[in-house]
Amino acid sequence: MEMHQRIKELRKKHLKLSQESFGKQLGVSRSVINNIERNCLARPDQKLSLIKLMCKEFNVNEDWILNGNEPMFTESDMFSLDKLVHKHGGSDLDLEFLNAYFELDVEIRTAFIEHFKKRLSIFPNRNDAPRSDCPNVPEKLESEFPPVQSSQSDIV
């Protein structure tokens, strides 16, 4: 397989990006990507800088693109919150929320977490299972928590 074919395979099969989206992430137009994939770039010297950028942006092994030597991807040393959010279907608003959260002072974030831990501690499990202290039969529930009797004047 030739280099231009590997680039196309990377974009389509593994990254599942259109030429336009792929180019946008690399700062070039769709036509540049199209020319690379067809192996008819007007300025072949552009190709090497784009390949380096491609490898950095998508954690691709440069040796794989240039020569076809595995592995295709490299392990990144850097964690990207943006990539994580989008990988899990998050929106730009989700990302802004997380960024705003991390801009808070550590003390405020700690207080925020403690508040929600206390608030959510009334739920014994993360599912919707009833609390262990809640009666599980209607008769017992009514005996412990009798219905409130209302007068006609209370009903509007």
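In case you missed it, the structure is sitting above this.
Residues numbered from 1 in each chain as written. Predicted model: local features only at pLDDT ≥ 70, side-chain atom pairs only at ≥ 80, totals over all residues. Heavy atoms only, no water.

Novice: Please clarify how helix α3 (residues 30–37) should be interpreted in this entry.
Specialist: Within an α-helix, residues lying three or four positions from one another point in the same direction, as the helix has 3.6 residues per turn. Buried within α3 are the following residues: Val32, Ile33, Asn34, Ile36 and Glu37. In the core, the buried residues of α3 are packed alongside α1 (3–14), α2 (19–26) and α4 (45–58). Residue Asn39 follows α3 closely and has a positive phi angle near 60°. (Buried < 20%, exposed > 50% of the residue type's maximum accessible area, 1.4 Å probe, protein only. Helix = DSSP H or I, 4+ residues; strand = E, 2+ residues; numbered from the N terminus. Contact = heavy atoms within 4.5 Å.)

Novice: Before we go on, may I ask you to explain a negative patch on the surface in this structure?
Specialist: A cluster of acidic residues, Asp82, Asp92, Asp94, Glu96 and Glu103, forms a negative patch on the protein surface. Element by element, the count of residues in the negative patch is highest for helix α7 (residues 92–103), at 4 residues. Secondary-structure assignment places Glu103 in helix α7. (Patch = residues over 30% accessible without salt bridge, like charges linked within 9 Å, V, L, I, M, F, W, Y side chains within 5 Å. Areas by Shrake-Rupley, 256 points an atom, 1.4 Å probe, with all protein chains shown as cover. Salt bridge = Lys/Arg side-chain N within 4 Å of Asp/Glu carboxyl O. Lys, Arg positive; Asp, Glu negative; His and termini not counted. Charge placed at Lys NZ, Arg CZ, Asp CG, Glu CD.)

Novice: Where do I start with a nonpolar patch on the surface in this structure?
Specialist: There is a patch of nonpolar side chains on the surface, built from Phe97, Phe112, Ile113, Phe116 and Leu120 and spanning about 480 Å² of accessible area. Of all the elements, helix α8 (residues 106–120) adds the most residues to the nonpolar patch, at 4 residues. Leu120 gets classed as partly exposed once you look at its relative accessible area, which sits at 48%.

Novice: Quick question: what am I supposed to make of the packing of aromatic side chains here?
Specialist: Aromatic rings in a pair are described by how distant their centres are and how their planes are angled relative to each other. What the rule picks out here adds up to 4 aromatic pairs. With centroids separated by 5.3 Å and ring planes inclined at 20°, the aromatic side chains of Phe22 and Phe58 adopt a geometry described as stacked. Note that Phe22 is positioned in helix α2 and Phe58 in helix α4, a separation of 36 residues in sequence. The same class applies to Phe22 as to Phe58, namely buried. Between Tyr101 and Phe112, the ring centres sit 5.6 Å apart and the planes meet at 55°, which makes this aromatic pair tilted. With Tyr101 in helix α7 and Phe112 in helix α8, this pair connects stretches of sequence that are 11 residues apart. Judged by relative accessible area, which is 17%, Tyr101 ranks as buried. Grouped by ring-pair contacts, the aromatic residues Tyr101, Phe102, Phe112 and Phe116 constitute a single cluster. A cation over a ring is seen here: Arg109 above Tyr101, with NZ or CZ 5.8 Å from the ring centre. (Phe/Tyr/Trp six-rings, centres within 6.5 Å; stacked < 30°, edge-to-face > 60°. Lys NZ or Arg CZ within 6 Å of the ring centre and 35° of its normal.)

Novice: For this particular structure, what's the right way to read the packing of α2 against α3?
Specialist: Put simply, α2 and α3 touch, their axes get as near as 8 Å, and they point 105° apart. Relative to α3, α2 is oriented roughly perpendicular. In this structure, α2 contributes Gln19, Glu20, Phe22, Gly23 and Leu26 to the contact, and α3 contributes Arg30, Ile33, Asn34 and Glu37. Looking at side-chain class alone, the contact of α2 with α3 contains 3 nonpolar, 3 polar and 3 charged residues. (Axes fitted to C-alpha atoms, helices over the stretch in contact; angles between N-to-C directions. Parallel < 35°, antiparallel > 145°, perpendicular 65-115°, else oblique. Nonpolar A, V, L, I, M, F, W, Y, C, P; charged D, E, K, R; others polar.)

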